[in-house]
Amino acid sequence: MVHNTRWGILATGGIAKAFVKDLLKNPQTRNASDITHTVTAVASSSSSSRAQEFITDLSLPGMPKAYGSYEELVNDPNVDVIYIATPHSHHYQNARLALEAGKHVLCEKAFTVNAAQAKILVDIARKKNLFLMEAVWTRFFPLSVQVRDIIRKGGEIGEVVRVLADLSIANADGFDVSSRMVNLDLAGGALLDLGIYSLTWVFQTLYHTLPPSQRKPPSTIQSSMTKYPATGADEDTTILLTFPTTTPADDRRASHGIATTAFAVHSHPRGTPSIRIQGTKGEIQIFGPAFRPVKYRVVPVDEKKEIREWECEFPDGGHGMYWEADEVARCLRDGKLESERMPWEESIVIMEVMDEVRRQNGLVYPEKIESVEYPVAL
Ligand SMILES: NC(=O)c1ccc[n+]([C@@H]2O[C@H](COP(=O)([O-])OP(=O)(O)OC[C@H]3O[C@@H](n4cnc5c(N)ncnc54)[C@H](OP(=O)(O)O)[C@@H]3O)[C@@H](O)[C@H]2O)c1
């Protein structure tokens, strides 16, 4: 039987548009014949006319409801799951609003501003029997799935000992101080916005590839940060993580994850790799931005062995966000509260790493967005 998921879209900004466009793509084109998606409601915090404009611009079928408040959206009985697409600063309040109303939640990255907020959301989801996931779409790309499989099998590149992952965007001219990229009131900065993807690659290769019982958080976290002069948000952050084992797990040797992010430089100019996963027998290079990888190349150390490449296709001209939406739909169909590919525990460990990096470098956000109080008007 085909399972349909009814989505409610919370906020009408850039990523909400990209996500909904992907929801409209035909699942059959990506061999997903077991699920479908519909958007049944959209909410804008500014006005219902803005929500209606979003619906009209995207030609959403089935006459979705247009709401002028997030509260109305989360109380709509025709919505199964809320997609939260507000700035980081608002995720905790908005996700909690949806969970308290009994709705499942897919929440944009970074999950929350700090680990304490993430833990509370997870506790509420568990208690209320609701699905909750951080929307790290990259993890659901067929490319990411294949790369994790190569690492798990161990044969092609051997034991993974080091991963270098960068997401930098070559915006040397900088941002307007009000931009959510650098505005501290919106939890702006390279770390929470872009560095989360560098950390995603480090974690999905050095941590997630191990069986859950063998996953151990980094034993050391070292970092350095440069602040954006106009606002004090971070513009250039480098993180060095030591994991207690390699992967596949070998306790005799530790592994290193180096996650970097910066506004001013480019992570992959002229087709250079943005990620390198280095094993004892070779390396996997990932091409394209860390959030939307387009190709991988397996380069064996042994020169007699061939270099192998695989390119990611985006069926029906999609952006690639439909694979995470399909995961949500299948989890809801199967009554799962969390995805095995983006488990709660891992989102929390990554938030803890970001907390520690911010602590080491004195990056503090305003009290009300770091707060675990609810409700707080932002
Ligand atoms: N997965 C990805 O590849 C990806 C890419 C870009 C961004 N993101 C994430 O998605 C989230 C939103 O990013 P975006 O680029 O879509 O941002 P955006 O274009 O600025 O949109 C954010 C939306 O949030 C709502 N909002 C509520 N309170 C707000 C406030 N005080 N200030 C600004 N907006 C407010 C607004 O919608 P209403 O007026 O309709 O309520 C606004 O349009 C962020 O967490 C970001 O990290 C993810």
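Residues numbered from 1 in each chain as written. Predicted model: local features only at pLDDT ≥ 70, side-chain atom pairs only at ≥ 80, totals over all residues. Heavy atoms only, no water.

Caption draft 1: Region of the structure containing the overall build of the protein chain. Regarding its fold elements, the protein chain presents 10 helices and 14 strands. In summary, the protein chain has a C-alpha radius of gyration of 20 Å against a globular reference of 21 Å for 378 residues, a match within 12%. Each of the three principal axes of the protein chain carries a C-alpha extent, and together these read 60 × 50 × 40 Å. In the protein chain, the share of contacts with a sequence separation of at least 24, taken over all contacts with a separation of at least 6, comes to 70%. Surface accessibility of the protein chain: about 15,500 Å² in total, with carbon and sulfur atoms responsible for 50%. Each charge class in the protein chain can be summarised by its mean position, and for the 41 positive and 47 negative side chains these summaries are 4 Å apart. (Helix = DSSP H or I, 4+ residues; strand = E, 2+ residues; numbered from the N terminus. Rg over C-alpha atoms; globule rule 2.2 N^0.38 Å. Contact = heavy atoms within 4.5 Å. Areas by Shrake-Rupley, 256 points an atom, 1.4 Å probe, with all protein chains shown as cover. Lys, Arg positive; Asp, Glu negative; His and termini not counted. Charge placed at Lys NZ, Arg CZ, Asp CG, Glu CD.)

Caption draft 2: Broad picture of the UniProt feature "domain: Gfo/Idh/MocA-like oxidoreductase N-terminal" (unreviewed entry) in the protein chain. Within this numbering scheme, the UniProt entry marks residues 6–133 as carrying the feature "domain: Gfo/Idh/MocA-like oxidoreductase N-terminal" (unreviewed entry). Span residues 6–133 is 41% helix and 22% strand, its end C-alpha atoms 16 Å apart. (UniProt positions renumbered as here; feature names shortened; annotations may be inferred.)

Caption draft 3: Structural view of the site of the ligand. Lining the immediate environment of the ligand, one finds 24 residues, of which T12, S44, S45, Y70 and K109 sit closest. Within the side chain of H90, a nitrogen or oxygen atom sits 3.4 Å from a nitrogen atom of the ligand. Measuring from an oxygen atom of the ligand, one finds a side-chain N or O atom of R180 at 3.1 Å. Summarising the interface, the protein chains cover 78% of the accessible area of the ligand, which totals 890 Å² for the free molecule. (Near = heavy atom within 4 Å. Polar contact = N/O pair within 3.5 Å; in protein donor to acceptor, adjacent residues only side chain to side chain.)

Caption draft 4: Main features of the state of the cysteines. For the structure on display, the rule yields zero disulfides. Residue C107 stays outside any disulfide, its sulfur separated by 16 Å from that of C331, the closest cysteine. (Disulfide = S-S within 2.5 Å.)

Caption draft 5: How the structure looks around helix α6 (residues 142–153). With 12 residues, α6 extends 16 Å between its outermost C-alpha atoms, agreeing within 8% with the 16 Å of an ideal straight helix rising 1.5 Å per residue. Taken together, the buried positions of α6 are occupied by L143, S144, V147, R148, I150 and I151. Viewed along the axis of α6, the buried residues span an arc of 155 degrees, placing them on a single side of the element. Its buried side turned inward, α6 meets β7 (160–168), α7 (190–206), β11 (275–279), β12 (282–287), β13 (295–300) and β14 (308–311). The first or second residue beyond α6 is G154, which carries a positive phi of 80 degrees. (Expected span 1.5 Å × (residues − 1). Buried < 20%, exposed > 50% of the residue type's maximum accessible area, 1.4 Å probe, protein only. Arc of directions from axis to C-beta.)

Caption draft 6: Geometry of the sheet that holds β13. Spatial ordering of the open sheet is given by β8-β9-β10-β7-β11-β12-β13-β14, a layout of eight strands whose pairing is mixed. Where the open sheet ends on each side, the last strands, each with one partner, are β8 (220–227) and β14. Neighbouring strand axes in the sheet, compared pairwise and without regard to direction, differ in orientation by 10 degrees on average. Relative to β13, β12 runs antiparallel, the two being bridged by six bridges. The partner of Q285 across the bridge, within β13, is R297. Contacting β7, β11, β12, β13 and β14, α6 runs over the sheet at an angle of about 20 degrees to β13. (Pairing = 2+ DSSP bridges. Axes fitted to C-alpha atoms, helices over the stretch in contact; angles between N-to-C directions.)

Caption draft 7: Focus on the UniProt feature "domain: GFO/IDH/MocA-like oxidoreductase" (unreviewed entry) in the protein chain. Look at the UniProt record and you will see "domain: GFO/IDH/MocA-like oxidoreductase" (unreviewed entry) annotated at residues 146–284. Split by type, residues 146–284 is 18% helix and 31% strand. Its first and last C-alpha atoms lie 11 Å apart.

Caption draft 8: Structural view of the layout of surface pockets. Looking at the largest pocket, its volume works out to about 550 Å³. For the largest pocket, the lining is made up of 26 residues, of which G14, I15, A85, T86 and R180 are closest to its centre. Elements that contribute at least two residues to the lining of the largest pocket include exactly α1 (14–23), α4 (88–100) and α7. Looking at which element gives the most residues to the lining of the largest pocket, the answer is α7, with three residues. The residue inventory of the lining of the largest pocket, partitioned by class, reads 12 nonpolar, nine polar and five charged. (1 Å grid on protein atoms, 1.4 Å probe; cavity = no way out; pocket = protein on both sides within 12 Å on 5 of 7 lines; lining within 4 Å. Points joined across faces, edges and corners; volume = space filled by probe spheres on them. Nonpolar A, V, L, I, M, F, W, Y, C, P; charged D, E, K, R; others polar.)

Caption draft 9: Representation of the sheet that holds strand β4 (residues 81–84). With parallel pairing, six strands are arranged side by side in an open sheet as β3-β2-β1-β4-β5-β6. Only two strands of the sheet have a single neighbouring strand rather than two, namely β3 (65–67) and β6 (132–135). Between one strand axis and the next, the sheet turns through 25 degrees on average, direction left out of account. Strand direction decides the pairing type here: strand β2 (residues 35–43) and β3, joined by three bridges, are parallel. Looking at β3, one finds that A41 is bridged to K65. Where α4 meets the sheet, its contacts fall on β1 (3–10), β4, β5 (104–108) and β6, and the angle it forms with β5 comes to roughly 170 degrees.

Caption draft 10: Region of the structure containing the domain arrangement of the protein chain. Splitting the protein chain by domain gives domain 1 (3–136 + 322–342) and domain 2 (142–311). Computed over C-alpha atoms, the centres of domain 1 and domain 2 are 27 Å apart. Listed by partner, the interface residues are 13 residues for domain 1 and 13 residues for domain 2. Surface buried jointly by domain 1 and domain 2 totals about 1,100 Å² across both partners, of which 65% is contributed by carbon and sulfur atoms. Ranking the residues of domain 1 by area buried against domain 2 places H88, K109 and R341 at the top, with a combined share of 45%. (Domains from an automatic or database assignment. Buried area = accessible area lost by both parts, 1.4 Å probe.)

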